[in-house]
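If you want the building blocks of each chain, they are given just below.
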Amino acid sequence: MPMVTSGKLFSRLSRRVARLLFPPHCAACGSQLDFQRDGLARPLHFCPLCTQRLSADLADCCRICGAHCPRSGIGLESARRPCRYCRGFDFPVEGCGALGNYGDLLQRLVVQMKGHRSEVLALQLGQLLGRRLRELEWISKVEALVPVPVHWSKQLQKGFHGAAVIAEGIRRELGIPWLPRAVSSTRRTAKQGMLETAERYRNVAGAFAPRIQSELEDKCLLIVDDVLTSGATMTAVAEALRDAGAGKLYAAVLARGIRSAV
Ligand SMILES: [Zn+2]
Ligand SMILES: [Zn+2]
């Protein structure tokens, strides 16, 4: 019989008491969560309905860029085939996993996360993304997570690094370590959301540099960010990682922005 120390027993009991006194609520709609009723072995931060709304059907998600293409069945294809959003585009990584397209409830939560600089929400969405990634066949090859870095002046100003917290959520779900300082942002860039596609590429070109080459060499890495739209930031980070001799690269983002052409 496994030995349970009094410290562990106490923390387990206090967690149960806290759950009774302050029952957890869905981070999206606020409804009370009931893990036993919902048949969950351990806590999820979203109710089953919101989880469903936040997770697009993988069978309809492009295995290259992560875009959700409803009723296309593109995710079922065994051959690697680009979707209408990444066709003719030299996608910077081998494959990308996303919860869904940037819109509806997912967009509302990402806007809320960034606007309120909510680490709690970033962590919860990161964990949900981690569960999603578990369904992708390449995830078992990934050796480390690399969050898209933010310039030190922006970090100081905002006090929030969303990509890093999302990576922490993925780490908690999948146990893959993350490399917080493997790549750095070498200069402050303009907000990508305000720019046209070509300007986005110019804005971030050469804006990232590898720092600890030994951590990256020949490693299969997963680049983590909040939203992927034009692919400009992902391309610039992937280039920095390749310069350091990284192996295969994959990406994970909460949402795939498909309004701008890629
Ligand atoms: Zn809900
Ligand atoms: Zn695609």
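Note that the structure is a prediction, hence the values are computed from the model and not measured.

Is there a simple way to think about helix α7 (residues 197-204) in this case?
Helical geometry note: an α-helix holds 3.6 residues per turn, so side chains three or four residues apart project in the same direction. When we look at burial in α7, the residues that qualify are Arg200, Asn203 and Val204. Along the axis of α7, the buried residues cluster in a sector spanning 75 degrees; they form a single face. Following α7 by one or two positions, Gly206 adopts a phi angle in the positive range, close to 70 degrees.

What's the story with the coordination of the zinc ion (ligand 1) in this structure? I'm lost.
Taken together, the protein ligands of the zinc ion (ligand 1) are Cys26 (SG), Cys29 (SG), Cys47 (SG) and Cys50 (SG), with distances of 2.3 to 2.4 Å. With 4 donor atoms in place around the zinc ion (ligand 1) and angles of 103 to 116 degrees between them, the coordination shape is tetrahedral. In the primary structure, the donors to the zinc ion (ligand 1) are separated according to the pattern C-x2-C-x17-C-x2-C. Of the two residues, Cys26 is situated in the loop between α1 (6-21) and α2 (48-54) and Cys47 in the loop between α1 and α2; the sequence distance between them amounts to 21 residues. Comparing Cys26 with Cys47 shows no difference in burial state: the two are buried.

Would you mind going over the side chain of Asn101 with me for this structure?
Note that Asn101 resides in strand β1 (residues 96-101). Looking at Asn101, its side chain comes within polar contact range of the main-chain nitrogen of His68, at 2.7 Å.

Just checking my understanding: could you explain the nonpolar core for this structure?
A general feature of soluble globular proteins is that nonpolar side chains tend to end up buried together. By size, the foremost hydrophobic cluster in this structure holds 42 residues, and its most contacted members are Phe46, Leu133, Val142 and Leu222. Only α2, α3 (104-115), α4 (119-133), α6 (162-174), β5 (221-228) and β6 (249-256) provide two or more residues apiece to this core. In terms of residues, this core owes the most to one element, α4, which gives 7 residues. Once residues within four sequence positions are removed from consideration, Leu133 is found in contact with Gly97, Trp138, Ile139, Ile170, Leu174, Leu222 and Ala252. Core analysis: the second largest hydrophobic core is formed by 39 residues, Ile74, Leu179, Val237 and Val253 among them.

Just checking my understanding: could you explain the coordination of the zinc ion (ligand 2) for this structure?
For a metal bound by four donors in a tetrahedral arrangement, the ideal donor-metal-donor angle is 109.5 degrees, while six donors in an octahedral arrangement ideally sit at 90 or 180 degrees. Those donors, Cys62 (SG), Cys65 (SG), Cys83 (SG) and Cys86 (SG), are the protein atoms that reach the zinc ion (ligand 2), and they lie 2.3 Å from it. Geometry at the zinc ion (ligand 2) is tetrahedral, judged from its 4 donor atoms and the angles of 102 to 113 degrees they form at the metal. Residue class for Cys65 comes out buried when judged on its relative accessible area of 0%.

Rules of the game
Residues numbered from 1 in each chain as written. Chains lettered and ligands numbered in written order. Predicted model: local features only at pLDDT ≥ 70, side-chain atom pairs only at ≥ 80, totals over all residues. Heavy atoms only, no water. Buried < 20%, exposed > 50% of the residue type's maximum accessible area, 1.4 Å probe, protein only. Helix = DSSP H or I, 4+ residues; strand = E, 2+ residues; numbered from the N terminus. Arc of directions from axis to C-beta. Donors = N, O, S within 2.8 Å, 3.2 Å for Na, K, Ca; no water. Tetrahedral: all angles 85-135°; square planar, octahedral: opposite > 155°, others 65-115°. Polar contact = N/O pair within 3.5 Å; in protein donor to acceptor, adjacent residues only side chain to side chain. Core = buried A, V, L, I, M, F, W, Y, C linked by side-chain atoms within 4.5 Å. Contact = heavy atoms within 4.5 Å.

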